[in-house]
Amino acid sequence: MERYGLRYEGPIYRPPSEAQSLLIQATIGCPWNKCTFCMVYKNGPRFSIRPVDDIKDDITRARKALGIGVRMVFFPSGNTIIMKTGDLAEICRFTKETFPHLERITVYGSAQYVVRKGFDDMKSIASAGLSRIHMGLESGDAQVLERMRKGSTPEQQVEAGRIIMDSGIELSEYVVLGLGGKDRTKEHVSGTLDVLNRTDPDFIRLRTLLPKINTPLLEDIDSGKFELLSPHEVLRETYDIISGLDVTGLLISDHYTNYINVKGKMPEDKERMLKDVWKAMKKPETSFRKMYVGDE
Ligand code: SF4
């Protein structure tokens, strides 16, 4: 696919908060590609890292097409943090030079790859201009992470979070409500709270599990191995997570999968958000979106 002469291979996937960002593809696909709930790259393309010269060429083409006013750049695809430290730093530096008004450079990064890089490498990438990482925590419960084949442990999630924040990079953490199913909802909540409270990320972003076609998790649901939570049960998790949070960042549920849109700064907006969730829990379950969409 080409737009403004920029090249892009595979599905375009970015967080809603990057809707205004210029997307410059740095990696293709996901190097992990095993999470059982994720459909994004299950049909390919195979993971690869684009040559630095090609990425810089696209940055230059974007400047020709859009001018110098670009303020936010996101480098897809999944786990661009896996690039060699020197290469990632180089494209960040080049982007900053090319767009003098730049305010933010962002990538996706899973905990295991951040831990593998370590503090010194992350610090040098931060100095080159990387300013925000979107990290899929998904759950802080070890068994849920293992069952979902996330590839990281709760301890790695905490370590990665601290490395990112100590490097001066903003941390945006994603939590998937309902990911523990009915049998591990309590552990999903308590483990997630433990990781979030020990990390205190800049952003906590809530999503609700909505099974997708072409995923191993959907097979588990169809065979009865995994039981989805009802809307009220998901709202209960939402309530318990907000209630147990001891953090100072923003909590946002900026996603179509959620049964309620809560947003607020912690801790000052905690009580208001809890009231909003409580009110939603009083609504009949039939008033929410379908729990399960098996053909999307
Ligand atoms: S790391 Fe992200 S993109 Fe890769 S399989 Fe897991 S959820 Fe999907």
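Residues numbered from 1 in each chain as written. Predicted model: local features only at pLDDT ≥ 70, side-chain atom pairs only at ≥ 80, totals over all residues. Heavy atoms only, no water.

Q: Can you explain the site of the ligand? Please cite residues and give values.
A: Cys-30, Asn-33, Lys-34, Cys-35, Cys-38, Tyr-41, Asn-79, Ser-110 and Lys-150 make up every residue found near the ligand. At a threshold of 2 Å from the grid points, most atoms of the ligand map onto the largest pocket. A class-by-class count of the residues in the shell around the ligand yields 4 nonpolar, 3 polar and 2 charged. (Near = heavy atom within 4 Å. 1 Å grid on protein atoms, 1.4 Å probe; cavity = no way out; pocket = protein on both sides within 12 Å on 5 of 7 lines; lining within 4 Å. Sits in = over half its atoms within 2 Å of the grid points. Nonpolar A, V, L, I, M, F, W, Y, C, P; charged D, E, K, R; others polar.)

Q: Let's hear about the nonpolar core: which residues, and what values?
A: By size, the foremost hydrophobic cluster in this structure holds 37 residues, and its most contacted members are Ile-24, Phe-75, Ile-81, Met-122 and Leu-130. Of all the secondary structure elements, the ones that give two or more residues to this core are helix H1 (52–66), helix H2 (85–98), strand E7 (104–108), helix H3 (111–128), strand E8 (132–138) and helix H5 (154–166). Looking at which element gives the most residues to this core, the answer is H3, with 8 residues. With sequence-adjacent residues up to four places away left out, Leu-130 is seen in contact with Ile-81, Cys-92, Ile-105, Thr-106, Val-107, Ile-125 and Ile-169. By size, the runner-up hydrophobic cluster in this structure holds 28 residues, among which are Ile-242, Ile-260, Val-277 and Phe-288. (Core = buried A, V, L, I, M, F, W, Y, C linked by side-chain atoms within 4.5 Å. Buried < 20%, exposed > 50% of the residue type's maximum accessible area, 1.4 Å probe, protein only. Helix = DSSP H or I, 4+ residues; strand = E, 2+ residues; numbered from the N terminus. Contact = heavy atoms within 4.5 Å.)

Q: Provide a residue-level description of the side chain of Arg-205, including the pertinent values.
A: Topologically, Arg-205 is positioned in strand E10 (residues 203–208). At 3.0 Å, the side chain of Arg-205 forms a polar contact with the side chain of Asp-254. Not counting chain neighbours up to four residues away, the residues in contact with Arg-205 comprise Ser-17, Arg-132, Ser-172, Glu-173, Tyr-174, Val-175, Ile-252 and Asp-254. (Polar contact = N/O pair within 3.5 Å; in protein donor to acceptor, adjacent residues only side chain to side chain.)

Q: Residues and numbers for the pairing of E8, please.
A: By the criterion of burial, E8 is predominantly enclosed, with 7 of the 7 residues buried. A two-sided burial pattern is seen for E8, the buried positions comprising Arg-132, His-134, Gly-136 and Glu-138 on one face and Ile-133, Met-135 and Leu-137 on the other. Judged from the 3 bridges that link them, E7 and E8 form a sheet pairing that is parallel. Note on E8: the bridge partner recorded for Thr-106 is Arg-132. After leaving E7, the chain enters H3 and then returns to the sheet as E8, a path that is right-handed. (Pairing = 2+ DSSP bridges. Right-handed = clockwise from strand over helix to strand, strands pointing away.)

Q: Can you break down the layout of surface pockets residue by residue, with the values?
A: Approximately 840 Å³ is the volume attributed to the largest pocket. Around the largest pocket, the lining is made up of 35 residues, and of these Tyr-13, Phe-37, Cys-38, Val-40 and Glu-138 lie nearest the centre. Listing elements by their share of the lining of the largest pocket, those giving two or more residues are E8, strand E9 (170–177) and E10. Looking at the lining of the largest pocket residue by residue, the classes come out as 18 nonpolar, 10 polar and 7 charged. (Points joined across faces, edges and corners; volume = space filled by probe spheres on them.)

Q: Describe the packing of H3 against H5, and please don't skip the residues or the numbers.
A: Close contact between H3 and H5 brings their axes to 9 Å; oriented N to C, the two are set at 35°. When you trace H3 past H5, the crossing you get is left-handed. Side by side, H3 and H5 meet where Ala-111, Gln-112, Val-114, Val-115, Gly-118, Phe-119 and Met-122 of the first sit next to Gln-156, Gln-157, Glu-159, Ala-160, Ile-163, Ile-164 and Asp-166 of the second. For the contact of H3 with H5, a count of residues per class yields 8 nonpolar, 4 polar and 2 charged. (Axes fitted to C-alpha atoms, helices over the stretch in contact; angles between N-to-C directions. Left-handed = near helix turned anticlockwise from the far one by under 90°.)

What is shown is where atoms sit, not what they do.
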